[in-house]
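# Architecture at a glance
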Amino acid sequence: MNTKQEPLDKIVDVEIYHVSLEQKTPYLGPLIDNEKASTLGYFVREANRTVYALKNHSLVIRVLTENGIEGWGETYGLIAHNATASVIRDLFKGFIVGRNPLDVVTIYEDLYDLMRVRGYFGGFYHDALAAVDIALWDIFGKTVNQPIAQLLGGARNKKIPAYISGLPEADIEKRCELAVSWQKKGFDTFKFALPMASEGMYEEFRLLREALGNDASIACDMHWSKSPGETIELINEVRKFKPWFFEAPIKPEDVNGLRQVSKKSSSQIAVGEEWRTVYEAKARIDHQACQIIQPEMAHTGITQFMRIAMYAQAHNLVVIPHATIGSGIFLAASLQVSATLQNVISHEFQHSIFPEFKHYISSDMICESGYYHVPTMDGIGVNPTDEMKKNMTLL
């Protein structure tokens, strides 16, 4: 006799939307030197040979259940967003519709396994999976009337320290002025982007330290732009300015080089924004190649974010979550998970993005006076506003 009961709710639809997040100044700052945009609005930063977009984009998904509960997820749409959308629309949807939305981790693992033998465990494929995972957790929370932090074991913190990420101005004087303006608003932790440091790392640290004082924490995002030897030399040169950490110093695939940098540098090394799974984290952590772990919710989803963070905690490493271009949906998910963790000491704050598009989401999530306030609504804690929905294009 089969006693298995039908689920109380079922997934009936999955929709994918493109959301434009247009800004006056491109991410990191204005184009410099020989940087020119393609016909599609893409350009390459000369310092790290990485492609960016003049206009920021986000990919938002809506999962709807039979009982009318809608879950919202988000991932990167910055480059070639149709690639990620196709994975969700042409593959995932057929294996999601009809399933119990509360089987979140089971669904995640089933979708992950679909392409395992073809090696598609990262890139656009896992970005698509991250969006679905966030949306299903959102449904779970809304179904049981609890925020995600409660489902993951309880919110340890209602507030999370936030650092000012990037100083998107064309010259060092203006970058110092921008940093000081945020310091006056109660923020005392900062990170600058080496590709935009026109006078070099040494001068950037020197002038920022002079402007911000001795108590401020200053980190440098190297954007994978240097070799291990160059990185070690640069880090040791700026030792007297008491740097907080150095992010993404060398090419991410060079695990042995990263270990060399970690062992021979005089400062903490932070990595992880490009990781999708705990397997990538394990390869670096097991090699003792870093001190700070930076999972990015838009790449990992909630399920893998937790796995990465817990593996880091098991190895006595701290977590400072990464967060870049988005409407606020995956940011809220990141804060929900971060609120539950003992080893989260700070969280990235994209001051040129989140406040500018805060009207796109309905939430009590704010970032002020040096802290994020974790959203308290059910699920991930945010929903799109009518204004955002007007800017959503169905794919």
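What you see is a predicted model; the values in this text were computed from it and never measured.

A separate point is the packing of aromatic side chains. Counted by the stated rule, this structure contains 16 aromatic pairs. Between Phe192 and Phe205, the ring centres sit 5.0 Å apart and the planes meet at 80 degrees, which makes this aromatic pair edge-to-face. On the criterion of sequence distance, the pair formed by Phe192 in strand S7 (residues 189-193) and Phe205 in helix H6 (residues 201-212) is long-range, its members being 13 residues apart. Classification of Phe192 by relative accessible area gives buried; the value is 2%. An aromatic cluster of at least three residues, connected via ring pairs, comprises Trp182, Phe187, Phe349 and Tyr372. Residue placement shows Lys159 over the ring face of Tyr371; its charged tip is 4.6 Å from the ring centre. The lysine or arginine in question, Lys185, covers the ring of Trp182, its NZ or CZ lying 4.0 Å from the ring centre.

Right, let's talk about the environment of Phe140 for a bit. Its place among the elements puts Phe140 in helix H3 (residues 123-144). We classify Phe140 as partly exposed; its relative accessible area is 21%.

So, about the state of the cysteines. Scanning the entire structure with this criterion turns up zero disulfides. This cysteine, Cys290, is not joined by any disulfide, and Cys220 carries the nearest cysteine sulfur, 17 Å off. The buried category is assigned to Cys290, whose relative accessible area is 5%.

Working definition: the strands of a sheet are paired by backbone hydrogen bonds and lie parallel or antiparallel to each other. An order of S5-S4-S1-S18 is seen for the four strands of this open sheet, with the pairing classed as antiparallel. Each edge of the sheet is formed by a strand with only one pairing partner; in this case those strands are strand S5 (70-76) and strand S18 (392-394). Across the sheet, the axes of successive neighbouring strands diverge by a mean angle of 30 degrees, strand direction being ignored. Note that strand S1 (residues 11-21) and strand S4 (residues 56-65) share ten bridges and pair antiparallel. Its bridge partner being in S4, Ile11 is matched across the sheet by Thr65.

Glancing now at the environment of Leu167. Take Leu167: it is sitting in the loop between strand S6 (159-165) and helix H5 (172-183). Overall, the relative accessible area of 5% leaves Leu167 in the buried class. Each C-alpha atom, one on Leu167 and one on Leu178, is 6.7 Å from the other, the two residues being eleven residues apart in sequence.

Spanning twelve residues, H6 covers 16 Å between terminal C-alpha atoms, matching the ideal 16 Å at 1.5 Å per step. Listed in full, the buried residues belonging to H6 are Met201, Glu204, Phe205, Leu207, Leu208, Arg209 and Leu212. Next to the buried residues of H6 lie H5, S7, strand S8 (217-221), helix H7 (228-237) and strand S9 (245-247). Downstream of H6 by a residue or two, Gly213 has a phi angle that is positive, lying close to 90 degrees.

Further remarks concern the packing of helix H1 (residues 81-96) against H3. In a pair of packed helices, the angle between the axes and the distance between the axes together describe the arrangement. Relative to each other, H1 and H3 sit at 55 degrees, their axes nearing to 9 Å. If you check the angle between H1 and H3, you find them oblique. Judged by the twist between their axes, the crossing of H1 over H3 is right-handed. Counted together, Ala83, Thr84, Val87, Ile88, Leu91, Phe92 and Ile96 of H1 and Phe124, Tyr125, Asp127, Ala128, Leu129, Ala131 and Val132 of H3 form the full contact between these two elements. The residue inventory of the contact of H1 with H3, partitioned by class, reads twelve nonpolar, one polar and one charged.

The pairing of strand S2 (residues 42-45) with strand S3 (residues 50-53) spans four bridges and is antiparallel. Among the inter-strand pairings, Arg45 is bridged to a residue of S3, identified as Thr50. In sequence, S2 turns back onto S3 through a hairpin of four residues, with Arg49 there showing a positive phi of about 55 degrees.

For Asp138, the position within the fold is in helix H3. Given the relative accessible area of 0%, Asp138 is considered buried. Among the polar contacts listed, one links the side chain of Asp138 to the side chain of Lys142, at a separation of 3.0 Å. Once you skip the residues sitting within four places of it in the chain, Asp138 turns out to touch Glu70, Gly71, Trp72, Ile148, Asp378, Gly379 and Ile380.

Every α-helical turn comprises 3.6 residues, leaving residues that sit three or four positions apart pointing alike. Here H5 is twelve residues long and its end C-alpha atoms lie 16 Å apart, about the 16 Å a rise of 1.5 Å per residue gives. Taken together, the buried positions of H5 are Ile172, Arg175, Cys176, Leu178, Ala179 and Trp182. Buried positions in H5, seen along its axis, are confined to an arc of 160 degrees and lie on one side of it. Its side-chain oxygen placed 3.2 Å from the backbone nitrogen of Glu173, Asp171 serves as the N-cap of H5.

As a further point, take the pattern of salt bridges. Taken as a whole, this structure holds 18 salt bridges when the rule is applied. The residue Arg62 makes a salt bridge to Glu15 at a minimum N-O spacing of 2.9 Å. Placement of Arg62 in strand S4 and of Glu15 in strand S1 is noted, with a sequence separation of 47 residues between them. Of the residues examined, Arg62 reaches a relative accessible area of 17% and is grouped as buried. The buried category is assigned to Glu15, whose relative accessible area is 17%. Taking the shortest distance from any N to any O, the salt bridge between Arg45 and Glu35 comes out at 2.9 Å. On the criterion of sequence distance, the pair formed by Arg45 in strand S2 and Glu35 in the loop between S1 and S2 is long-range, its members being ten residues apart. Look at Arg45 and you get buried, because its relative accessible area is 0%. Residue classification places Glu35 among the buried positions, given a relative accessible area of 8%.

Definitions and limits used
- Residues numbered from 1 in each chain as written.
- Predicted model: local features only at pLDDT ≥ 70, side-chain atom pairs only at ≥ 80, totals over all residues.
- Heavy atoms only, no water.
- Phe/Tyr/Trp six-rings, centres within 6.5 Å; stacked < 30°, edge-to-face > 60°.
- Helix = DSSP H or I, 4+ residues; strand = E, 2+ residues; numbered from the N terminus.
- Buried < 20%, exposed > 50% of the residue type's maximum accessible area, 1.4 Å probe, protein only.
- Lys NZ or Arg CZ within 6 Å of the ring centre and 35° of its normal.
- Disulfide = S-S within 2.5 Å.
- Pairing = 2+ DSSP bridges.
- Axes fitted to C-alpha atoms, helices over the stretch in contact; angles between N-to-C directions.
- Expected span 1.5 Å × (residues − 1).
- Contact = heavy atoms within 4.5 Å.
- Parallel < 35°, antiparallel > 145°, perpendicular 65-115°, else oblique.
- Left-handed = near helix turned anticlockwise from the far one by under 90°.
- Nonpolar A, V, L, I, M, F, W, Y, C, P; charged D, E, K, R; others polar.
- Polar contact = N/O pair within 3.5 Å; in protein donor to acceptor, adjacent residues only side chain to side chain.
- Arc of directions from axis to C-beta.
- Salt bridge = Lys/Arg side-chain N within 4 Å of Asp/Glu carboxyl O.

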